Amino acid sequence: MEVLASSSLSPFFFTKPNKINPNFSIQVKLWVTQPPKISKASNFSYARCRSNKSRSNATNPGVVFVCNRFLCVIERNDERKFSGKVMMKSSVNFRQNLSVAFVRIVSVLLVSSISVVTTDSPPSWGLSEENLLFLEAWRTIDRAYIDKTFNGQSWFRYRETALRNEPMNTREETYMAIKKMVATLDDPFTRFLEPGKFKSLRSGTQGAVTGVGLSIGYPAASDGPPAGLVVISAAPGGPANRAGISPGDVILGIDNTTTETLTIYDAAQMLQGPEGSTVELAIHSGPDTRLLTLTRERVSVNPVKSRLCELPGSGSNSPKIGYIKLTTFNQNASSAVREAIETLRGNNVNAFVLDLRDNSGGSFPEGIEIAKFWLDKGVIVYICDSRGVRDIYDTDGSNAIATSEPLAVLVNKGTASASEILAGALKDNKRALVYGEPTYGKGKIQSVFELSDGSGLAVTVARYETPAHTDIDKVGVSPDHPLPKSFPKDEEAFCGCLKDPTAACYLNQDLLFSR
């Protein structure tokens, strides 16, 4: 904070730093006919709290500031107070070389003009447009980030150091400075997005995505080499489909980056990008490996596939299983799942299978809505911050449409984020049995913030716990039972594994829903 007393006369400055908060200091500017000749700053003293008695008994108090966190008052020896945005209280004894006239001038001028400037933020008149963009990103993280220790560093000090030392002469340099700042948090889910990637991310949660039209997953353990990511499906008419990429093909590389160590979360980000841009894929299909250059375009994403599986039985009593595969949580997800459930129930299904394998998440509210379809009551998820439980999402059954039929949920290590919220809610409320392998373990929630130039930040704002108060971050949701290693990921082959007892992937439908 800077307190200025000003007029058209000559200035005399005094600045006193605050040892308790180094970001907060006080400067007094006294305008006089001639500056006083004071040789030592020790002629002024600072006190957070001084009683009237201590002031009156002081032999040479100089200028004494009496402050609390929000209020400072200036007061002359005759106890007359000066008003302004900030008031300060002092008792001033001047050295012998200051005249009585000077005291009167100071008294009048202090009353006539007091202005306050806070220095909690850097002075804007010394900042470039690039500096201001960096500060906008810094403030966004400062306000929203869940970890208020900022990974054990002084967030204010980092800001000052970066503004002094990081080059920010071009937009590219500013982006690099922001990415470097974000990297200090050591949080893989808090990330900076250039304008093109930010636009693509937003469109991906709105029912369409700018990419090549691929749904990808991890290979089954029995698939063997080559290592990479498996194509689950290619959107009809999309760039990948037109290039001949088929389900079961393996993506070995994306833009010269091997997929062997990539998560599907990272790979999905690499496949998406600005409309009209290109991406190079190394595809292993059968005995051949091809290099394909695909042009990204806007692809509509249908998040749900469903199928009715009629199992062997006697006449009209043949068991019917309703299979629903949910690939992502975009803005169409809950309505598409509702439609699939109602259609399958119209065919008198006896049970449901909800396949969340390789679903890396998406819109948090969509996950909550889908959980309500299956539950008649109960907690869905607890939202927590650094201080504990902040919010509770639950249901009273008013949106339930399928609460009585047996339900099995399929998961794997590609099941993440909103998918884990849904799987955890159904498991902990004993609504479903979970099959597969431990899920990805993304127990944190991000919010997306747009910056003034069209770029953006995905910032971790909270973590969640399942209804049983399980923190699954970096651990995942544990399944109740494993799946056969060769269990397929498409709806056609799924039905075959329930029908054929001789198949390696066979899963007895009675055991599938039995606890």
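Parameters and conventions
Once a new chain begins, its residue numbering starts again from 1 and follows that chain's sequence as written. In view of the model being predicted, local features appear only for residues whose pLDDT reaches at least 70, and side-chain atom pairs are presented and counted only at 80 or more, with totals across whole chains, interfaces and linings using the full set of residues. To obtain the side-chain values, all non-hydrogen atoms of the structure were included, while hydrogens and water were left out. The classification of residues rests on relative accessible area computed with a 1.4 Å probe and restricted to protein chains. Under 20% of the type maximum is buried, over 50% is exposed, and intermediate values are partly exposed. Runs of E in the DSSP output that reach at least two residues are strands. Runs of H or I that reach at least four are helices, and both are numbered from the N terminus. Side-chain rings of Phe, Tyr and Trp (the six-membered ring for Trp) are treated as a pair once their centres are within 6.5 Å; stacked means planes under 30 degrees apart, edge-to-face means over 60, and tilted covers the remaining angles. Counting as a charge over the ring demands two things of the Lys NZ or Arg CZ atom: a distance within 6 Å of the ring centre and an angle within 35 degrees of the ring normal. Buried residues of nine kinds, namely Ala, Val, Leu, Ile, Met, Phe, Trp, Tyr and Cys, make up a nonpolar core once their side-chain atoms join them within 4.5 Å. Each domain's extent is set by a domain assignment, obtained either automatically or from a database. By definition, residues are in contact when any of their heavy atoms lie within 4.5 Å. Lining residues are defined by having an atom within 4 Å of a point belonging to a cavity or pocket. Those points lie on a 1 Å grid over the protein atoms alone, cavities being sets where a 1.4 Å probe fits but cannot get out and pockets being open sets with protein on both sides within 12 Å along at least five of seven lines. Grid points are joined across faces, edges and corners, and a volume is the space filled by probe spheres set on the points. Gly falls in the polar group here, along with every residue not listed as nonpolar (Ala, Val, Leu, Ile, Met, Phe, Trp, Tyr, Cys, Pro) or charged (Asp, Glu, Lys, Arg). When two cysteine sulfur atoms are found within 2.5 Å, that pair is recorded as a disulfide. Convention adopted: a line fitted to C-alpha atoms gives each axis, helices being fitted over their contacting stretch, and angles between N-to-C directions are expressed from 0 to 180 degrees. By definition in this entry, angles of less than 35 degrees are roughly parallel, angles greater than 145 are roughly antiparallel, angles of 65 to 115 are roughly perpendicular, and the rest are oblique. It is the rotation of the near helix from the far one that decides the hand of a crossing: anticlockwise by less than a right angle makes it left-handed, clockwise makes it right-handed. You can read pLDDT as the predictor saying how much it trusts each residue, on a scale of 0 to 100. The pairing criterion is simple: DSSP has to find at least two bridges between the two strands.

Asker: It is not clear to me how unusual backbone geometry should be interpreted in this structure. Could you clarify?
Answerer: Comment: phi is negative for the bulk of residues other than glycine, and the bulk of peptide bonds are trans. Backbone geometry places Asn151, a non-glycine residue, at a positive phi of 60°. Taking the relative accessible area as the measure of exposure, Asn151 reaches 39% and is therefore partly exposed. Of note, His469 is a non-glycine position whose phi angle comes to about 60°, a positive value. Looking at where His469 falls in the secondary structure, it is placed in the loop between strand E24 (456-465) and helix H12 (491-499).

Asker: Help me out: how do you make sense of the packing of aromatic side chains in this one?
Answerer: The geometry of an aromatic ring pair is captured by the separation of the ring centres together with the interplanar angle, meaning the angle of the planes. This structure, assessed with the given rule, holds eleven aromatic pairs. Taking 6.2 Å as the distance between ring centres and 25° as the angle between the ring planes, the aromatic pair formed by Tyr145 and Phe150 counts as stacked. We note that Tyr145, like Phe150, is buried. Between Trp155 and Tyr158, the ring centres sit 6.0 Å apart and the planes meet at 15°, which makes this aromatic pair stacked. Within this pair, Trp155 and its partner Tyr158 are both found in helix H4 (residues 155-165), separated by three residues, close to a single helical turn. Judged by relative accessible area, which is 15%, Tyr158 ranks as buried. Taken together, the ring pairs connect Trp138, Tyr145, Phe150, Trp155, Phe156 and Tyr158 into an aromatic cluster. When the ring centre of Trp138 is taken as reference, the NZ or CZ atom of Arg159 above it lies at 4.8 Å. It is Lys442 that lies over the ring of Phe189; its NZ or CZ is 4.8 Å from the centre.

Asker: I'm lost on the nonpolar core in this one. Help?
Answerer: As a rule of thumb, nonpolar side chains are buried together in soluble globular proteins. Of all hydrophobic cores here, the largest spans 68 residues; its most connected members are Ile141, Trp374 and Val409. When residues in this core are grouped by element, the largest group, seven residues, is from helix H3 (residues 129-144). In this structure, this core is formed jointly by two domains, domain 1 (129-186) and domain 3 (304-447 + 461-513), each of which donates at least three residues. In contact with Val409, not counting residues within four places along its chain, are Leu354, Leu356, Ala423, Leu426, Ala432, Leu433, Val434 and Tyr435.

Asker: Help me out: how do you make sense of empty space enclosed by the protein in this one?
Answerer: Inspection of the entire model under this criterion finds two cavities of 30 Å³ or more. Computed from the structure, the second largest cavity encloses a volume of approximately 40 Å³. If you trace the second largest cavity, you find it lined by Ser215, Ile232, Lys325, Thr327, Arg357, Asp358 and Asn359. Split into classes, the residues belonging to the lining of the second largest cavity amount to one nonpolar, three polar and three charged.

Asker: I tried to follow the state of the cysteines on my own but got confused; where do I start?
Answerer: By definition, a disulfide links two cysteine residues through a covalent bond between their sulfur atoms. On inspection of all chains with the given rule, the structure shows two disulfides. Each disulfide pairs two cysteine sulfurs, and for Cys309 the partner residue is Cys495, the sulfurs being separated by 1.8 Å. Here Cys309 and Cys495 share a disulfide; its torsion about the S-S bond, -60°, makes the bridge left-handed. Placement of Cys309 in strand E16 (residues 304-310) and of Cys495 in helix H12 is noted, with a sequence separation of 186 residues between them. Of the two residues, Cys309 and Cys495, both sit in the buried class. Two residues share a disulfide in this structure: Cys497 and Cys505, whose sulfurs sit 1.8 Å from each other. Between Cys497 and Cys505 the disulfide shows an S-S torsion of about -95°. By sign, it is left-handed. For Cys497, a relative accessible area of 2% puts it in the buried group.

Asker: Mind showing me how you'd approach the packing of helix H9 (residues 333-346) against helix H10 (residues 364-374) here?
Answerer: Geometry of a packed helix pair, given as the angle between the helix axes and the separation of the axes. Relative to each other, H9 and H10 sit at 20°, their axes nearing to 8 Å. Classified by the angle their axes make, H9 and H10 are roughly parallel. For the element pair H9 and H10, the recorded crossing hand is right-handed. Facing Ala333, Ser334, Val337, Arg338 and Ile341 of H9, the residues of H10 in contact are Glu366, Glu369, Ile370, Phe373 and Trp374. When grouped by side-chain class, the residues that make up the contact of H9 with H10 number six nonpolar, one polar and three charged.

Asker: Any chance you could explain the confidence of the model for the protein here in plain terms?
Answerer: If pLDDT is low for a region, its predicted coordinates should not be looked at in detail. Overall, the prediction assigns the protein a mean pLDDT of 77, with 72% of residues at 70 or greater. Contacts for the low-pLDDT stretch residues 1-121, under 50 throughout, to residues beyond four places or in other chains number 198 contacts.

Asker: Is there a simple way to explain the pairing of strand E19 (residues 378-385) in this structure?
Answerer: It is a general feature of regular strands that their side chains alternate between the two faces of the sheet. Among the eight residues of E19, seven are classified as buried, and the element is accordingly described as predominantly covered. As paired elements, E19 and strand E20 (residues 388-395) share seven bridges and run antiparallel to each other. Each residue of the ladder has a partner; that of Cys384, found in E20, is Val389. Count of turn residues in the E19/E20 antiparallel hairpin: two residues. Two elements, E19 and E24, share three bridges in a ladder whose sense is antiparallel. Of the residues in E24, the one forming a bridge with Ile383 is Tyr464.

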